[in-house]
Amino acid sequence: MNDYHKRVLIGVELEAYSIGSGDYQIGRRLSRPRPGLSEDGERFSRDTSIGSEYNSRPFETVREASFLLKSGLRKYMRKLYRSQHPGRKHTVPLLVGGWSDRFAGTHLHISIADRTLDRDDACSLAWHIHDHIPFLIAIGSNSPIWAKQITTRASNRFLRATDIYFRPIARGELTSEDTHEMVFSPGRKRKPPTLELRVLDSNLPPYVVAALALVKAISLRWLKRKGATNRIRHSEYIWARLDAGTRGMRCTLPWQGEWMLARLYLDRFLWEYREELEQMDVPAEVYDVLRLIKRGYTGARLIHEAAVIARREHPQTWQRRFAKRYSEGLENLLSGNSLWAFAAALQVELPDVSNVWLGRRNAPIGG
């Protein structure tokens, strides 16, 4: 039973904008590391819409995801970059859901280690995940910028692209059409069949891993043949999706018909899945990110505050100022420093979360 949590494998597809290292211009230039740096199971590819896409290996554990996702993305950085033209500066990935007029997402691919995930299994697992999707949208929001303008929306990507890339499905429905929020991906020669969740914005590794840990907890409960924890009406679901995309962790969400603030939903989720989370041996730094999320500091809020600070300093050059700070912060983060160090590079002060309790009824979940 000690390795039971390794039966659920989750891989990550992460799309990215680009920042030029010399001019700090934000765009959609392709980035790739030097040849030979890719490890087994990971892939650096071109996304036709946004530019660069990173595909991870399937992660057995949350600890593995936390380490290897940073390690993989670090290969995009500085001296490891392979320039296609002599003298041309490399680019740094900008992990946000939107900036100009294109959408960048994080897709989670869920599979089972000891058997092939067939369509019936995928439909059954999707049933468990479905009514938590508005919550996952809220914690994964990271596109407050659109058309190079700072907005008050947490996820412009989600709100603007719902009918294009992640149309809502009813509980119990599942197709292989990549226009839906959750799809059954039949697999290819080198990729097994998976259940793909498509609603999360492109984001920093700590936020991606936090969402991955919650999805893994849901999947483990399903694997144990326990019942789904939340079931809501479709009309409630549609409204909650919209509110989550608009307000992020300031939204309200329904749990079994009871509407509550997103931070209270997070507590209830962690309490209901406490057995699975304990079994997964989630690293302390992931719980710290969940504490930040409970305080409202999603990727969207962090990016929004950093952009506002840069614009306040100099409205004409705020995007380049933001991009320079982001590049420096990302290099620190991918080298093993904390999310707090990344935020400091952006001139944003994150709150102390050492006294933030996680779990329903103030249960001491996550230390």
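For the structure itself, consult the block above.
Residues numbered from 1 in each chain as written. Predicted model: local features only at pLDDT ≥ 70, side-chain atom pairs only at ≥ 80, totals over all residues. Heavy atoms only, no water.

J.: Would you mind showing me how to read the nonpolar core here?
T.: Grouped burial of nonpolar side chains is what soluble globular proteins tend to show. One finds Ile 129, Leu 195, Phe 322, Tyr 326 and Leu 330 to be the most contacted residues of the largest nonpolar core, which totals 119 residues. The greatest single-element share of this core, amounting to 14 residues, is contributed by helix 5 (residues 205–223). Once you skip the residues sitting within four places of it in the chain, Tyr 326 turns out to touch Ile 19, Pro 93, Leu 94, Leu 95, Leu 204, Ile 303, Phe 342 and Leu 346. (Core = buried A, V, L, I, M, F, W, Y, C linked by side-chain atoms within 4.5 Å. Buried < 20%, exposed > 50% of the residue type's maximum accessible area, 1.4 Å probe, protein only. Helix = DSSP H or I, 4+ residues; strand = E, 2+ residues; numbered from the N terminus. Contact = heavy atoms within 4.5 Å.)

J.: Before we go on, may I ask you to explain the side chain of His 107 in this structure?
T.: Position of His 107 among the secondary structure elements: in strand 6 (residues 105–112). For His 107, a relative accessible area of 7% corresponds to the buried category. At 3.0 Å, the side chain of His 107 and the side chain of Glu 196 are in polar contact. If we skip the residues at most four places from it in the chain, His 107 touches Gly 11, Val 12, Glu 13, Glu 15, Arg 157, Glu 196, Leu 197 and Arg 198. (Polar contact = N/O pair within 3.5 Å; in protein donor to acceptor, adjacent residues only side chain to side chain.)

J.: I would appreciate a short explanation of a nonpolar patch on the surface in the present structure.
T.: Taken together, the side chains of Trp 239, Leu 242 and Trp 259 present a nonpolar region at the surface, about 330 Å² in accessible area. Following the sequence through the fold, Leu 242 ends up in helix 6 (residues 234–247). (Patch = residues over 30% accessible without salt bridge, like charges linked within 9 Å, V, L, I, M, F, W, Y side chains within 5 Å. Areas by Shrake-Rupley, 256 points an atom, 1.4 Å probe, with all protein chains shown as cover. Salt bridge = Lys/Arg side-chain N within 4 Å of Asp/Glu carboxyl O.)

J.: Explain the environment of Arg 28 to me, please; I cannot follow it from the model alone.
T.: Structurally, Arg 28 can be placed in the loop between strand 2 (26–27) and strand 3 (43–47). Residue classification places Arg 28 among the partly exposed positions, given a relative accessible area of 36%. Among the polar contacts listed, one links the side chain of Arg 28 to the backbone oxygen of Ser 49, at a separation of 2.8 Å.

J.: For this particular structure, what's the right way to read the packing of helix 10 (residues 299–313) against helix 11 (residues 318–334)?
T.: For any two helices packed against each other, one specifies the crossing angle of their axes together with the interaxial distance. Where helix 10 meets helix 11, the closest approach of the two axes is 8 Å, and the angle between their N-to-C directions is 130°. Between helix 10 and helix 11, the crossing angle belongs to the class labelled oblique. Here helix 10 and helix 11 pass one another in a crossing that is right-handed. Where helix 10 approaches helix 11, its residues Ile 303, Ala 306, Ala 307, Ile 309, Ala 310, Arg 311 and Glu 313 are matched on the opposing element by Trp 318, Arg 321, Phe 322, Arg 325 and Tyr 326. Here the contact of helix 10 with helix 11 is composed, by residue class, of 8 nonpolar, no polar and 4 charged. (Axes fitted to C-alpha atoms, helices over the stretch in contact; angles between N-to-C directions. Parallel < 35°, antiparallel > 145°, perpendicular 65-115°, else oblique. Left-handed = near helix turned anticlockwise from the far one by under 90°. Nonpolar A, V, L, I, M, F, W, Y, C, P; charged D, E, K, R; others polar.)

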